[in-house]
Amino acid sequence: KYFIEEAKRQVSPDITIAVISSSFSMRGDVMVIDKWEKAKLALNYQIDLVLELPFLASVNSSDYFCYNAIKTLTAFNITDLAFGAELNNLPKLKQIKDLINTNVYNISIKEYLDKGFSYANSSYRAIKALTNDKEIIDNVTLPNNTLAIGYLQSLDKLNSNVNVTLIKRINNNYYDEKVNSTTMSSATSLRNLIAQNQNIDIYTPGINYPYFNPTEANNELFKLLRYFYTIYDITKMHEIFGINEGIENRIHNFLDKASSYDEFISLVQTKRYPANRIKRTILYLLLNINKEYENKYHYYLRILSMNQIGKAYVNTLNKDTKKDIITSFKNQSHYLVYIELKASKLYSIITNKPNFYLLEYQVPFIGEIK
């Protein structure tokens, strides 16, 4: 709510467009609120048009996540782009972007990775060797800054002249596990409260929704993963997206050593295999995503919800763009539709909403202008 209001205040847009992840987050977490409800809520928070970042586009490393999101938005002819960052200094973020695009940085980070350091630690060490700027060194690995730099890189790749507006992250960092003393707290802290069946209404104004308990959903995933390993030939897992460097064997080795999903992730993760990568890989395995999709950009133009302003804007787009817009999965043959439908079916199973995936065949929700 803060982010949207602040972005609209600074930009004063004619129309506000958002692109949102679907049923699973970039880090491989199960969403505690389903995507259709999110799309409706976005309209309540003054968004006019809500687009979907499908499973294969969003459950991916930051480079791909960022490019897929920006490519989707630029296809809708945006003039301004707003995103959050811990460092509210666009020239400094651009400076970081330029540093990490140098050959010296790429060689250095590879050397640290080969020595067994985590990606974040390797990036920190590589940057520290290139600059004495403390502000840059302190900010290079913070999560929102990482995405901010990814968005800036994506704009460069697309040769886009879109105006950029930064919204500074305040009060809590993304990974802060405890709620802030104010009413604005991190997603991680709120997920923790939901896992403990505590009420979070004070932190989520205007939302009345029976959130899915992430611990319960994760444990359902864990059951499915165990079953998957009983029926799938482990020697063929190298054909699945994300299966590299023997990660499938490490997952297998700890399947019977943990009593819960969270315990399992903590056992499997290492500097080489961080938790987010493990969680994404589990989803790739359960959805049997083919390796042919690896190291590629994936996006489509799909509308989840809109109000009359959004609807009127869509009508102004050129006919080629409108032709590519997906409003329902009926009679669709796009490969991302097929994968997204599988992701929705998985979400239906782990949240015990058997018919949830059928909503994919409905047309976008059209709400009133707030």
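Let me sum up the structure you'll find in this document. (Residues numbered from 1 in each chain as written. Predicted model: local features only at pLDDT ≥ 70, side-chain atom pairs only at ≥ 80, totals over all residues. Heavy atoms only, no water.)

Here's the deal with the overall build of the protein chain
- The helix and strand tally for the protein chain stands at 17 helices and seven strands.
- When the 370 residues of the protein chain are sorted by exposure, 50% land in the buried category.
- Partitioning the contacts of the protein chain with sequence separation of at least 6, the portion at a separation of at least 24 is 71%.
- Here the protein chain displays about 18100 Å² of accessible surface, and carbon together with sulfur accounts for 49% of that area. (Helix = DSSP H or I, 4+ residues; strand = E, 2+ residues; numbered from the N terminus. Buried < 20%, exposed > 50% of the residue type's maximum accessible area, 1.4 Å probe, protein only. Contact = heavy atoms within 4.5 Å. Areas by Shrake-Rupley, 256 points an atom, 1.4 Å probe, with all protein chains shown as cover.)

Things to note about the pairing of strand β2 (residues 49-53)
- Most of β2 is tucked away: five of the five residues are buried.
- Burial along β2 is two-sided: the face carrying Leu49, Leu51 and Leu53 and the face carrying Val50 and Glu52 are both buried.
- Once you follow strand β1 (residues 17-21) into helix α2 (residues 35-44) and on to β2, the crossover reads as right-handed.
- As judged from the three bridges shared by β2 and strand β5 (residues 301-306), these two strands associate in the antiparallel manner. Considered in β5, the bridge of Leu51 is made with Ile303. (Right-handed = clockwise from strand over helix to strand, strands pointing away. Pairing = 2+ DSSP bridges.)

Details of the side chain of Asn139
- Relative to the elements of secondary structure, Asn139 occurs in helix α8 (residues 134-139).
- Classification of Asn139 by relative accessible area gives buried; the value is 11%.
- At 2.8 Å, the side chain of Asn139 and the backbone oxygen of Glu135 are in polar contact.
- Polar side-chain contacts of Asn139 include one of 3.0 Å to the side chain of Asn145.
- If we ignore the near neighbours within four places in the chain, the residues touching Asn139 are Glu86, Leu87 and Asn145. (Polar contact = N/O pair within 3.5 Å; in protein donor to acceptor, adjacent residues only side chain to side chain.)

What about the environment of Lys296?
- Structurally, Lys296 can be placed in the loop between α14 (275-287) and β5.
- With 137 residues separating them along the chain, Lys296 and Asn159 place their C-alpha atoms 19 Å apart.
- At a separation of 2.8 Å, a polar atom in the side chain of Lys296 contacts the main-chain carbonyl oxygen of Glu292.

Comments concerning unusual backbone geometry
- Non-glycine residue Asn159 carries a positive phi angle of around 55°.
- With respect to the secondary-structure elements, Asn159 resides in the loop between α9 (143-157) and β4 (163-168).
- The class for Asn159 is exposed, based on a relative accessible area of 72%.

Here's the deal with the pairing of β5
- Most of β5 is tucked away: six of the six residues are buried.
- The pairing of β5 with strand β6 (residues 325-326) spans two bridges and is classified as parallel. Bridging from a neighbouring strand, Leu301 pairs with Ile325 of β6.
- Two strands pair when backbone bridges link them, and β5 and strand β7 (residues 365-366) are joined in this way by two bridges, in the parallel orientation. Pairing of Met306 across the sheet is with Ile366, part of β7.

Quick notes on the side chain of Arg302
- Structurally, Arg302 is set in strand β5.
- Owing to a relative accessible area of 0%, Arg302 belongs among the buried residues under this scheme.
- One polar contact links Arg302 to Glu52, side chain to side chain, over a distance of 2.9 Å.
- Of the polar contacts made by the side chain of Arg302, one reaches the side chain of Glu360; its length is 2.7 Å.
- Excluding residues within four positions of it along the chain, Arg302 makes contact with Lys35, Trp36, Val50, Leu51, Glu52, Ile326, Phe329, Glu340 and Glu360.

Some thoughts on the nonpolar core
- Phe24, Phe55, Leu225, Phe264 and Leu285 are the most contacted members of the largest nonpolar core, which has 70 residues in total.
- When residues in this core are grouped by element, the largest group, eight residues, is from helix α17 (residues 335-350).
- If we skip the residues at most four places from it in the chain, Phe264 touches Phe222, Leu225, Ile251, Phe254, Leu255, Ala258 and Ile282.
- Counting residues in hydrophobic clusters, the runner-up holds 44 residues, among them Leu51, Tyr151, Val162 and Leu166. (Core = buried A, V, L, I, M, F, W, Y, C linked by side-chain atoms within 4.5 Å.)

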